[in-house]
Amino acid sequence: VCTSRFWFNYRHVANTLSVYRSVKRLGIPDSHIVLMLADDMACNPRNPKPATVFSHKNMELNVYGDDVEVDYRSYEVTVENFLRVLTGRIPPSTPRSKRLLSDDRSNILIYMTGHGGNGFLKFQDSEEITNVELADAFEQMWQKRRYNELLFIIDTCQGASMYERFYSPNIMALASSQVGEDSLSHQPDLGIGVHLMDRYTFYVLEFLEEIHPASQTNMNDLFQVCPKSLCVSTPGHRTDLFQRDPQNVLITDFFGSVRKVEITTETISLDSDSAGFESKFPKDELAIEPLRYAEQLPVAQIIHQKPKQKDWHPPGGFILGLWALIIMVFFKTYGIKHMKHIF
Amino acid sequence: AASAQFQLAVPVAVVFAAGSVPRDLPRPLPFSDVQETEISVNSLRSSAVSRCQAVYRSATAREEAALDAAAAREADAALRLLQDTSLGSLTVYVVPETSSLLPQGISVYVGKHRSALVRAGGGLAALHARLQQLTQLMSFTSGSIAAALSDRVPDSQLGRDARRHLKSSLGYEITFSLLNPDPKSHAVDWDIEDAVNRYVQPILDKLSLVANFSVDSQILYYAVLGVTPRFDKETSSFLLSAHSLPHVINPVEARLGSSAASLYPVLNFLLYVPERSHSPLYIQDKDGTPVSTNAFHSPRWGGIMVYNVEAPASPQASLPLHVDVDMVRVMEVFLAQLRLLFGLSREELPPEFLLESPGNEGLADWELDRLLWAHTVENIATVSTTLTSLAQLLDKIGNIVIKDDVASEVYQAVASAQSAMAELATGHLHSAFQASKKAVTSSERAFFDPSLLHLLYFPDDQKFAIYIPLFLPMAVPILLSLAKIVREARQRKKEPTKMD
């Protein structure tokens, strides 16, 4: 999830897209990724190289490419949509690619980046999500067993405050900086004119470049990524809610997708000469009328529509009481004899 | 947290053929007996008790005639018409020890429907032990019930099988895909529609009680496996080792188009025809021997089978070779994988048991019963967890608004779950399953209603934080004036008394 928009937050989009690329490279297909981006970088008029988003200076790696599948873009990246995706309380018309269809055997990786503060994360400069809301959303997910294990990575200023309030089991969290510290960006690119990446994500990506789908690297190595000397901020992590020892957790458990596979040793025997086989349930041939387009835009109705009368509600008790109080005080203070001047 | 006590009643009829009645019966036939055994599910919140309601009687004349048949299979078919075939019930026929109905060395024969033939001998205790074994095989075991309740059981105590099988769902989507990475060499034709109608549809018809199934198929060209197979000089074939199999699925999955499918869980069955340059391709298991089915499956996902095409007879044969896929062989493997995905495997039987193969029906009736028992228990457990967590959510956010339809769904879910539990306790599996399905639908609809987002409801401290800075400055002069009014009124009240 990239929670920022505008040109000067280029690095957050580059962060998210780079993590997206690594995760795809390690085997997770698009149908299992929900990508939320403001997506205003590639076609931004200030982008000197349109249709690209670079993650490395000297424009070495274009992370935008041809097969980026953004599920929530631009103004759809809101706190409400994010929480709806997590908890599953989505309106029924949402397509499958915008849903999180996880079950109790799914390991979920959540990566968030943007601008944050102590206990909150800013969404698109207009709203914020607090750590309490996030913890509650995770608890809702746990109640419905929508995850087996969850890895939460956040790269924002004071990122550690976002995972302080988690209380559901099987969650591991990583943040790029502690409370009171700022996460810094990595390097500006003079050709594009903005900072291209954040430091923590840059080093995490260097670490992930060495992982391949069959690798056995574990989480403890990920915790060592980006020490204070390189990152300036102190990355933090939280494993007390996690049941397994991080030593035994493979990176590919979250970043890649290694499925459990069994060899099929049984077959059933089918009789190929069963030409006279009749189904027990006769299939009813339904005669359906030819399909037509529904009347999608009832133009006649719209043109002749009168403006809808909004029902008038009498003012509520609070407003009435307030006005009564004000009027009473006014007349008491100034004397009732003024009434006849008004009427 | 709600604690659920499941009572699972299995109606069993034990029919004794002439000459097979054990001598140590406690009462003369016919009589009925109820045996209750505790099923340990290792959970503080759930417990299950299995009630075996057995009715012992002697065989009627028509049943004797049916048992006179030459082979067990014919007897089974004839007996089917004479027995109680409601879902969940079992009928056990005890034949004399010397009967030739069961082959040598076999003491128990389990038919395709809901009956079993047991060879007498060993008295009542042995008979009880056999009954116990049969109920476990044909209805449920403590392992299958524990797996169904897996949400409520701590992780460490579940067996290996617990989370492999597909979760109970209202529908499943099955996709058959043919992967042809080398269309220049092979022009592959598969008559999938006919194969589905002949072989897959019967098994899905039988499973239609459990869920809605929809089937589609596709052909993908230039879709390669993610792993390069090794060339083995001894057999001059290519081998895919067992530990590289997990990495095969992911590169293909992106192209399978499962994002366009419905919201139900998708089961993918892939048939891979290797390239000319990598033929023949065999899958190796852990010992290094090639797998006879040349197929593997992944729990909760589906299965992949490799179909080798023979090399052309002469090197000058014109490419592409036309290939007609032998759908019977393919469907045998795919349907076996489908059964394994649902958890219906045929392993671990004592050697004296003989199971009748269900043939083209794909599924024996008692296997359907097993699925229904497990799914019913799972559904009821899910309903209770969902409603409990919904109640907790409402406790936490006091001012959440529950719409009328959400409330009615909750009431319906509770009523259906209760009726499902009651039906389970009396042994009516069909109605119990239908009630549990209704309960799950209602509870999911209530829980996942889009209006229940806690973000839409402001906690009280946020309300104070917004309104206090607005109203407090305004309220200061008002309150001071009010105080002044009250003081003046009190003074005026005192003055008249003073004046007098």
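Keep in mind that what you see is a predicted model, and the values were worked out from it rather than measured. (Residues numbered from 1 in each chain as written. Chains lettered and ligands numbered in written order. Predicted model: local features only at pLDDT ≥ 70, side-chain atom pairs only at ≥ 80, totals over all residues. Heavy atoms only, no water.)

Examining the overall build of chain A
Piece 1. Across its full length, chain A carries nine helices and 10 strands.
Piece 2. Here the C-alpha radius of gyration of chain A, 28 Å, is well above what a compact globule of 343 residues would show, namely 20 Å.
Piece 3. Principal-axis analysis of the C-alpha atoms gives chain A an extent of 100 × 75 × 45 Å.
Piece 4. The 343 residues of chain A split such that 50% are buried.
Piece 5. Long-range contacts, defined as pairs at least 24 residues apart, comprise 70% of the intrachain contacts of chain A with a sequence gap of at least 6.
Piece 6. Counting every atom, chain A has about 18400 Å² of accessible surface; 56% of that belongs to carbon and sulfur.
Piece 7. Each charge class in chain A was averaged separately, 35 positive and 42 negative side chains, and the resulting centres sit 10 Å apart. (Helix = DSSP H or I, 4+ residues; strand = E, 2+ residues; numbered from the N terminus. Rg over C-alpha atoms; globule rule 2.2 N^0.38 Å. Buried < 20%, exposed > 50% of the residue type's maximum accessible area, 1.4 Å probe, protein only. Contact = heavy atoms within 4.5 Å. Areas by Shrake-Rupley, 256 points an atom, 1.4 Å probe, with all protein chains shown as cover. Lys, Arg positive; Asp, Glu negative; His and termini not counted. Charge placed at Lys NZ, Arg CZ, Asp CG, Glu CD.)

Things to note about the state of the cysteines
Residues and elements named next belong to chain A.
Piece 1. By the definition in use, this model includes one disulfide over all chains.
Piece 2. The disulfide partner of Cys226 is Cys231, and the gap between their sulfur atoms is 1.5 Å. Taking the torsion about the sulfur-sulfur bond, which here is approximately 85°, the covalent link between Cys226 and Cys231 counts as right-handed.
Piece 3. Residue classification places Cys226 among the buried residues on the basis of a relative accessible area of 3%.
Piece 4. The exposure class assigned to Cys231 is buried, which follows from its relative accessible area of 1%.
Piece 5. A disulfide-free cysteine, Cys2 has its sulfur positioned 14 Å from the sulfur of Cys157, the nearest such atom. (Disulfide = S-S within 2.5 Å.)

Looking at the domain arrangement of chain B
Piece 1. Domain assignment breaks chain B into domain 1 (6-150 + 347-356), domain 2 (171-342), domain 3 (368-452) and domain 4 (458-499).
Piece 2. Computed over C-alpha atoms only, the centres of domain 3 of chain B and domain 4 of chain B are separated by 52 Å. (Domains from an automatic or database assignment.)

With respect to the UniProt feature "active site" (unreviewed entry) in chain A
Residues and elements named next belong to chain A.
Piece 1. In the UniProt entry, the feature "active site" (unreviewed entry) is given for His115 and Cys157. Maximum C-alpha separation among the annotated residues is 6.4 Å over a sequence range of 43 residues, consistent with a single clustered spot.
Piece 2. With respect to the secondary-structure elements, His115 resides in strand E4 (residues 115-117).
Piece 3. Among all residues touching His115, those that are not within four sequence positions of it are Thr3, Ser4, Asn9, Arg11, His12, Leu121, Lys122 and Thr156.
Piece 4. Only 2.8 Å separates the side chain of His115 from the side chain of Asn9, close enough to count as a polar contact.
Piece 5. For Cys157, the position within the fold is in the loop between strand E7 (149-155) and strand E8 (171-175).
Piece 6. Setting aside residues no more than four positions away along its own chain, Cys157 makes contact with Gly116, Gly117, Ser177, Glu181, Asp182 and Ser183. (UniProt positions renumbered as here; feature names shortened; annotations may be inferred. Polar contact = N/O pair within 3.5 Å; in protein donor to acceptor, adjacent residues only side chain to side chain.)

A closer look at the sheet that holds strand E15 (residues 302-306) of chain B
Piece 1. Within the open sheet, the six strands sit side by side as E10(A)-E14(B)-E15(B)-E12(B)-E7(B)-E9(B). Their pairing is mixed. Whereas interior strands pair on both sides, the edge strands pair on one side only; in this sheet they are strand E10 (262-263) of chain A together with strand E9 (212-221) of chain B.
Piece 2. Two strands pair when backbone bridges link them, and strand E12 (residues 266-272) of chain B and E15 of chain B are joined in this way by five bridges, in the parallel orientation. Looking at E15 of chain B, one finds that Leu270 of chain B is bridged to Ile304 of chain B.
Piece 3. With respect to the sheet, helix H7 (residues 327-342) of chain B is in contact with strand E7 (171-180), E9, E12, strand E14 (295-298) and E15 of chain B, its orientation differing from that of E12 of chain B by roughly 150°. (Pairing = 2+ DSSP bridges. Axes fitted to C-alpha atoms, helices over the stretch in contact; angles between N-to-C directions.)

Overview of helix H5 (residues 192-207) of chain B
Residue and element names in this part refer to chain B.
Piece 1. Of all the bends in H5, the largest measures some 50° and sits at Val200, one to four residues before the proline Pro202.
Piece 2. For H5, the buried fraction is high: 12 of the 16 residues fall into the buried class.
Piece 3. Within H5, the full set of buried residues consists of Ile192, Ala195, Val196, Tyr199, Val200, Gln201, Pro202, Ile203, Leu204, Asp205, Lys206 and Leu207.
Piece 4. Looking at the buried positions of H5, the neighbouring elements they touch are E7, E9, H7 and helix H8 (365-396). (Bend = angle between axes of the 7 residues up to and from the residue.)

A word on the pattern of salt bridges
A side chain with one charge may pair with a side chain of the opposite charge, provided their charged atoms come close.
Piece 1. This model, assessed by the stated rule, comprises 26 salt bridges over all chains.
Piece 2. The partner of Lys167 of chain B in a salt bridge is Asp104 of chain A, and the shortest N-O contact between them spans 3.7 Å. Residue Lys167 of chain B is found in the loop between helix H4 (142-148) and E7, and its partner Asp104 of chain A is found in the loop between helix H2 (79-87) and strand E3 (107-113); the two belong to separate chains.
Piece 3. A relative accessible area of 27% places Lys167 of chain B in the partly exposed class. (Salt bridge = Lys/Arg side-chain N within 4 Å of Asp/Glu carboxyl O.)

Some points on the sheet that holds E7 of chain A
Residue and element names in this part refer to chain A.
Piece 1. Here we have four strands laid out as an open sheet, ordered E3-E7-E8-E9, and mixed in their pairing. Looking at the sheet topology across the chains shown, the edges are occupied by E3 and strand E9 (236-238). Looking at each pair of strands side by side, their axes are set apart by 10° on average, direction ignored.
Piece 2. Pairing geometry for E7 and E8, over five bridges, is parallel. In the strand pairing of E8, Leu151 is matched with Met172.

Re the pairing of E14 of chain B
In regular strands, side chains alternate between the two faces of the sheet.
Piece 1. Residues Ala295 and His297 of chain B line one face of E14 of chain B and the alternating positions Phe296 and Ser298 of chain B line the opposite face, and both faces are buried.
Piece 2. Relative to E14 of chain B, E10 of chain A runs antiparallel, the two sharing two bridges. Its bridge partner lying in E14 of chain B, Glu262 of chain A is registered against His297 of chain B.
Piece 3. Strand direction decides the pairing type here: E14 of chain B and E15 of chain B, joined by four bridges, are antiparallel. What sits directly across from Ala295 of chain B, in E15 of chain B, is Met305 of chain B.
Piece 4. Taking the residues between adjacent antiparallel strands as the criterion, E14 of chain B and E15 of chain B are bridged by three residues, where Arg300 of chain B takes a positive phi near 65°.

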